[in-house]
Amino acid sequence: MSFTQAESSTTREYGGTGLGLSISKYLVELLGGQIRVKSKKDEGSTYSFNILAKVVEKGSERVEKQNELEKILAEDFPLEILLVEDNLVNQKFAVLLLKKHGYHIDVANNGHEGVEAIKKKQYDLVLMDMQMPVMDGIEATRLIRRDHNRENLFIYAMTANAYPEDRQKCFDAGMNGHLAKPVQVRELEDVLVSVYTKIKNQS
């Protein structure tokens with residue numbers, strides 16, 4: 001494993017899981033680079049990385065085409081999305097990823113906030129972390145399914161807990177699917193298209 005939970009409880013209060021480093025390593029390697037760390041106990045850590053990049057002039061045809069491609073997914077597969085995630089780094093990563101496809105994302109910082117958000121707005125897709133303070137994703141999903149059990153409300157776990165027993169807990173609570181962190185871009189894209197298609201077929 002690339003990291004371990006600092007606290008095993010699903011309603012942990014403090015972070016320190018190392019998941020942000022795992023995501024950073026994945027992104028850097030995706031760009032053809034390497035990430036390095038120098039760490040000394042009780043003093044801190046220094047991180048550095050290098051990537052392969054090309055200079056592209058602003059307004060070039062390539063940039064315009066890329067921006068157009070990033071907007072197409074939301075235009076063709078519009079969804080109201082709620083992200084329920086307590087870790088700020090993970091929030092920024094998921095929001096940035098989805099915004100690149102043209103989506104506006106609402107964010108809840110824990111399961112309780114997620115349940116309250118569902119009461120105020122009709123979402124199509126909820127991306128739910130499992131381990132959060134106040135209320136974990138499993139309990140939040142159970143409450144959502146109990147009070148708002150719409151066929152066109154899809155809940156996907158987006159979590160570092162990727163063992164078969166963890167996946168089963170998600171399904172038992174009423175989730176529709178499971179995305180393991182660090183999230184693969186193509187897998188998330190497939191979920192967005194799949195959820196929209198199922199909602200359209202139900203209407």
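All values derive from a computational prediction rather than experimental measurement.

1. Digging into helix 5 (residues 137-147)
Here helix 5 has its buried residues at Gly137, Ile138, Ala140, Thr141, Leu143, Ile144 and Arg145. As for helix 5, its buried residues are in contact with helix 4 (111-120), strand 5 (125-128), strand 6 (154-159) and helix 6 (164-173). Between the side-chain oxygen of the N-cap and the backbone nitrogen of Ile138 there are 3.0 Å, and the N-cap of helix 5 in question is Asp136.

2. Quick look at the pairing of strand 2 (residues 44-50)
Sheet analysis places strand 1 (residues 34-40) next to strand 2, joined by 7 bridges and oriented antiparallel. Residue Lys40 lies in a different strand from strand 2, and its bridge partner there is Gly44. Joining the antiparallel neighbours strand 1 and strand 2 is a turn of 3 residues, in which Asp42 adopts a positive phi near 70°.

3. Looking at the pairing of strand 5
Neither face of strand 5 is left uncovered, since the one carrying Leu125 and Leu127 and the one carrying Val126 and Met128 both have all their residues buried. As a crossover connection, the stretch from strand 5 through helix 5 into strand 6 is right-handed.

4. Details of the environment of Glu80
Along the chain, the position of Glu80 falls in the loop between helix 2 (61-76) and strand 3 (81-84). A sequence separation of 116 residues divides Glu80 from Tyr196, and the C-alpha atoms of the two residues are 10.0 Å apart. Leave out the neighbours within four places in its chain, and Glu80 touches Lys121, Gln122, Tyr123, Asp124 and Leu125. Polar side-chain contacts of Glu80 include one of 3.1 Å to the side chain of Lys121.

5. A short note on the nonpolar core
One broad rule of soluble globular proteins: the nonpolar side chains tend to lie buried together. Core analysis: the largest hydrophobic core is formed by 26 residues, its most contacted members being Ile81, Tyr103, Leu125 and Leu127. Only helix 2, strand 3, helix 3 (88-99), strand 5, strand 6 and helix 7 (185-202) provide two or more residues apiece to this core. Per-element tally for this core: the top contributor is helix 7, with 6 residues. For Leu125, the contacting residues outside a window of four places in its chain are Glu80, Ile81, Leu82, Phe154, Tyr156, Val191, Leu192 and Val195.

6. Description of the sheet that holds strand 7 (residues 177-180)
Overall, parallel pairing links the 5 strands, which are arranged 4-3-5-6-7 in an open sheet. Taken across any chain shown, the strands that pair with only one partner, and hence form the sheet edges, are strand 4 (105-108) and strand 7. If you compare each strand with its neighbour and ignore which way they point, the axes differ by 20° on average. This element, helix 4, spans strand 3, strand 4 and strand 5 of the sheet and lies at about 160° to strand 3. Contacts from helix 7 reach strand 3, strand 5, strand 6 and strand 7, with the element oriented near 170° to strand 6.

The rules behind each value
- Residues numbered from 1 in each chain as written.
- Predicted model: local features only at pLDDT ≥ 70, side-chain atom pairs only at ≥ 80, totals over all residues.
- Heavy atoms only, no water.
- Buried < 20%, exposed > 50% of the residue type's maximum accessible area, 1.4 Å probe, protein only.
- Helix = DSSP H or I, 4+ residues; strand = E, 2+ residues; numbered from the N terminus.
- Contact = heavy atoms within 4.5 Å.
- Polar contact = N/O pair within 3.5 Å; in protein donor to acceptor, adjacent residues only side chain to side chain.
- Pairing = 2+ DSSP bridges.
- Right-handed = clockwise from strand over helix to strand, strands pointing away.
- Core = buried A, V, L, I, M, F, W, Y, C linked by side-chain atoms within 4.5 Å.
- Axes fitted to C-alpha atoms, helices over the stretch in contact; angles between N-to-C directions.

The quantities given are spatial measurements derived from coordinates; they are silent on function.
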